[in-house]
Amino acid sequence: LAGGRPLSMLLMRPELDHWRPGEQVGMFQGDNLAYVSATELLLLWDDDALVARIHRLGEIIAARLRALAARYPRRNVEIRGVGMIWALDFGQPASAAVVSAWALERGLVVEPAEINNQVLLVAPPITIDEAILHEGLERLDQAVSMFLDHK
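Just so it is clear, the model here is predicted, and its values are computed rather than measured.

Let's shift gears to the packing of aromatic side chains. Under the counting rule described, the total for this entry stands at 2 aromatic pairs. Note on Phe 90 and Phe 147: the rings are 5.5 Å apart at their centroids and 70° apart in plane angle, and the pair reads as edge-to-face. With Phe 90 in the loop between strand E2 (85-89) and helix H3 (95-105) and Phe 147 in helix H4 (residues 130-149), this pair connects stretches of sequence that are 57 residues apart. Take Phe 90 and Phe 147: they sit in the same class, and that class is buried. What links up through ring pairs into an aromatic cluster is the set Phe 90, Trp 102 and Phe 147.

Following this line, the structure appears as structure tokens:
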């Protein structure tokens, strides 16, 4: 929401908003940069072209990850996600940490997303250039394939 900066936000319909200022305090209140980043992002959501682009890029990610998992049917890699936030669940503790390290060696940052490091999070920025997205997905494919080919 705030470009990677900590920020908590509570959204509700106006008719439900009976709180006084400060009553909805969260763990992260944010800072000026976080507020500006979040405001700009919320303004972008009114841009139909951006929303359509995010949907299209999300479909590219989904198709690429599903094709990758389909190449390894015996490995039971579960693909799940929506929009531009996707995950590969390898079903094995520490597997996502290994793939994350191998991806980083290729210049790609993807992170383990669960306590036992079996789920790898794929969440590129919504403003990513499509060519760079394809390049990142190719690097991810290399790292994941290397891991899945090991057994």
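Here 4 strands make up an open sheet; going across it, the order is E1-E2-E4-E3 and the pairing antiparallel. Looking along the sheet, the strands with just one partner apiece sit at the ends: strand E1 (78-82) and strand E3 (111-112). Two elements, E3 and strand E4 (residues 119-122), share 2 bridges in a ladder whose sense is antiparallel. Directly across from Glu 111, in E4, lies its bridge partner Leu 121.

Structurally, Asp 141 can be placed in helix H4. For Asp 141, the contacting residues outside a window of four places in its chain are Arg 64, Leu 68 and Arg 71.

Attention now moves to the environment of Met 84. Structurally, Met 84 is set in the loop between E1 and E2. The class of Met 84 is buried, set by a relative accessible area of 5%. Separated by 38 residues in sequence, Met 84 and Val 122 have C-alpha atoms that sit 7.8 Å apart.

Attention now goes to the pairing of E2. Burial analysis of E2 places 4 of its 5 residues in the buried class, the great majority of the element. Here E1 runs beside E2; their pairing, made up of 5 bridges, is antiparallel. Along E2, the bridge assignment pairs Glu 78 with Asp 89. Taken together, E1 and the strand that follows it, E2, pair antiparallel across an intervening segment of 2 residues, in which Gly 83 is found at a positive phi of about 60°. Bridging between E2 and E4 involves 4 bridges; their strand directions are antiparallel.

Evaluated as defined, the whole model comprises 8 salt bridges. Ionic pairing is found between Asp 141 and Arg 64, a salt bridge with its closest N-O pair at 3.8 Å. With Asp 141 in helix H4 and Arg 64 in helix H2 (residues 48-70), this pair connects stretches of sequence that are 77 residues apart. Salt bridges sharing common partners tie together Arg 64, Arg 71, Glu 138 and Asp 141.

One turn of an α-helix holds 3.6 residues; hence residues three or four places apart share an orientation. Compared with the 28 Å implied by 1.5 Å per residue over 20 residues, the 28 Å span of H4 between its first and last C-alpha is a close match. For H4, the complete set of buried residues consists of Leu 133, Gly 136, Leu 137, Leu 140, Asp 141, Ala 143, Val 144, Ser 145, Phe 147 and Leu 148. Contacts made by the buried residues of H4 are with H2, E2, H3 and E4. The opening residue of H4 is Asp 129, an N-cap whose side-chain oxygen sits 3.0 Å from the backbone nitrogen of Ala 131.

Criteria and thresholds
Residues numbered from 1 in each chain as written. Predicted model: local features only at pLDDT ≥ 70, side-chain atom pairs only at ≥ 80, totals over all residues. Heavy atoms only, no water. Phe/Tyr/Trp six-rings, centres within 6.5 Å; stacked < 30°, edge-to-face > 60°. Helix = DSSP H or I, 4+ residues; strand = E, 2+ residues; numbered from the N terminus. Buried < 20%, exposed > 50% of the residue type's maximum accessible area, 1.4 Å probe, protein only. Pairing = 2+ DSSP bridges. Contact = heavy atoms within 4.5 Å. Salt bridge = Lys/Arg side-chain N within 4 Å of Asp/Glu carboxyl O. Expected span 1.5 Å × (residues − 1). Polar contact = N/O pair within 3.5 Å; in protein donor to acceptor, adjacent residues only side chain to side chain.

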